[in-house]
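Each chain is listed here by its residues.
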Amino acid sequence: QALPPRERALALSGAGFGRLSIGEQASGQALLEQSAPLFRQIGDKLREVLISAVLGHLLATEHEYARASEYLEQSQAVLRELGDEKFAGSEHLQHLADIAVTYNFLGQLRLSQGDPDTAARLFAEGWGAAQGLPDRFTTLISLYDLALSSQAQGDLSGAAEHLTQGLSVAAEANDQASAAYYIEALATVARLQGNALRSVRLLAAARSLLARGSGWLHLWVPRAPHGDDVLAALRSCVG
């Protein structure tokens, strides 16, 4: 017997996020795409926003920027439609999460298109919502994104400040993989500041942490340069 639309939407989205969490992006994305129209059908705007934002982000990572913009702008439009509507309990937290992910993913898209100023405003909006949430998921995405826009605007000390704050959050939660991605980004800042030796040491530390697992953060933020070519070039500078 077929599940009612709400239960089917929840089952599909839950399975989709489960697939994403184990690195199966294609199948996870397909399941989320099936759930999106069901949430719209039943009028669950809060979950519709979340699913649309995540799909927009996933499409952006595949360089399908036109479709990514459609999904993300749809999420933003629904958030504007909700306006100042007051939510309580779990719905309040869902609303904050929707704002955080939508504006962070929109900001990432604008940053990739060479517009760091707009990206910074969007990231600030996302960070404002993330600070009202009890989990580290949106916090770590927001602080990483804020660092990216600061770096793109030439504010390296501001970028380092955001990264140091995020690294502290990841370390406190013993989230070693997320800490590693923050350390990679700090290595980029050190390189841009002309400190090649510090950059080499940070990249080596990040690699050591990632040897224990890749974690989840890399799926949601643009990862800093970290390859063998980067490390080799830096070592040649200090060798």
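Here, every reference points to the structure presented above.
Residues numbered from 1 in each chain as written. Predicted model: local features only at pLDDT ≥ 70, side-chain atom pairs only at ≥ 80, totals over all residues. Heavy atoms only, no water.

## Description of the packing of helix H4 (residues 65–82) against helix H5 (residues 89–112)
Inclusion rule: Under this scheme, a helix contributes an axis fitted over its contacting stretch, all axes are lines through C-alpha atoms, and angles between N-to-C directions fall in the 0 to 180 degree range. Here a strand is any run of E in DSSP of at least two residues, a helix any run of H or I of at least four, and the numbering for each starts at the N terminus. Crossings are assigned a handedness: left-handed for a near helix turned anticlockwise from the far helix by less than a right angle, right-handed for a clockwise turn. We call two residues in contact whenever any of their non-hydrogen atoms come within 4.5 Å of each other.
It is at 10 Å that the axes of H4 and H5 come closest, and there the two elements cross at 145°. For the pair H4 and H5, the sense of crossing is left-handed. Facing Tyr-65, Ser-69, Leu-72, Glu-73, Ser-75, Gln-76, Leu-79 and Leu-82 of H4, the residues of H5 in contact are His-95, Asp-98, Ile-99, Thr-102, Tyr-103, Phe-105, Leu-106, Leu-109, Arg-110 and Ser-112.

## Quick word on the nonpolar core
This is how it is decided: Buried Ala, Val, Leu, Ile, Met, Phe, Trp, Tyr and Cys residues form a nonpolar core when they are joined through side-chain atoms within 4.5 Å. The buried label goes to any residue with under 20% of its type's maximum accessible area, the exposed label to any with over 50%, and the partly exposed label to all in between, with areas taken from a 1.4 Å probe on protein chains only.
Core analysis: the biggest nonpolar cluster contains 79 residues, and Val-54, Tyr-144, Leu-163 and Leu-217 have the highest contact counts within it. With near-sequence residues (within four places) excluded, Leu-163 lies in contact with Tyr-144, Ala-147, Tyr-182, Ala-185, Leu-186 and Val-189.

## Concerning the side chain of Ser-52
Looking at the element boundaries, Ser-52 is found in helix H3 (residues 45–61). Other than its neighbours up to four places away in sequence, Ser-52 contacts Arg-40, Tyr-71, Leu-72, Gln-74 and Ser-75.

## Observations concerning the pattern of salt bridges
This is how it is decided: Whenever Lys or Arg places a side-chain nitrogen within 4 Å of a carboxyl oxygen from Asp or Glu, that contact is recorded as a salt bridge.
Overall, the coordinates contain ten salt bridges when judged by the stated rule. Ionic pairing is found between Glu-24 and Arg-19, a salt bridge with its closest N-O pair at 3.9 Å.

## Regarding the packing of aromatic side chains
We apply this condition: To pair, rings of Phe, Tyr and Trp, with the six-membered ring standing in for Trp, must have centres within 6.5 Å; the planes then decide the type, stacked if under 30 degrees apart, edge-to-face if over 60, and tilted in the middle.
In this structure the tally under the stated criterion is four aromatic pairs. Note on Phe-105 and Trp-220: the rings are 5.9 Å apart at their centroids and 15° apart in plane angle, and the pair reads as stacked. Of this pair, Phe-105 sits in helix H5 while Trp-220 sits in the loop between helix H10 (196–210) and helix H11 (228–238); the two residues are 115 residues apart in sequence, bridging distant segments of the chain. An angle of 75° between the planes, with centres 5.8 Å apart, marks the rings of Phe-137 and Trp-220 as edge-to-face.

## Describing unusual backbone geometry
A positive phi angle is found at His-63, which is not glycine, with a value near 65°. As for its placement among the helices and strands, His-63 is situated in the loop between H3 and H4. One non-glycine residue with positive phi stands out, namely Asn-174, at about 55°. Locating Asn-174 in the fold gives a position in the loop between helix H8 (156–172) and helix H9 (176–192). Owing to a relative accessible area of 57%, Asn-174 belongs among the exposed residues under this scheme.

## Quick look at H9
For the α-helix, the turn length of 3.6 residues means that residues three or four positions removed from each other point alike. Let me state the cut-off plainly: One fewer than the residue count of a helix, multiplied by 1.5 Å, yields its expected span.
A rise of 1.5 Å per residue sets the reference length of H9, with its 17 residues, at 24 Å; its end C-alpha atoms lie 24 Å apart and thus fit the reference within 8%. The buried fraction of H9 amounts to 14 of the 17 residues, a majority that puts the element mostly inside the structure. Two residues or fewer past H9, Gly-194 is found with a positive phi of approximately 85°.

## Quick notes on the side chain of Ser-149
Assignment of secondary structure puts Ser-149 in helix H7 (residues 137–152). Not counting the four nearest positions on each side in its chain, Ser-149 is found in contact with Leu-111, Pro-116, Ala-120 and Phe-123.

## Overview of the environment of Val-221
Along the chain, the position of Val-221 falls in the loop between H10 and H11. Separated by 40 residues in sequence, Val-221 and Tyr-181 place their C-alpha atoms 9.5 Å apart. When neighbours within four sequence positions are excluded, Val-221 is seen to be in contact with His-57, Gln-108, Ile-141, Tyr-144 and Asp-145.

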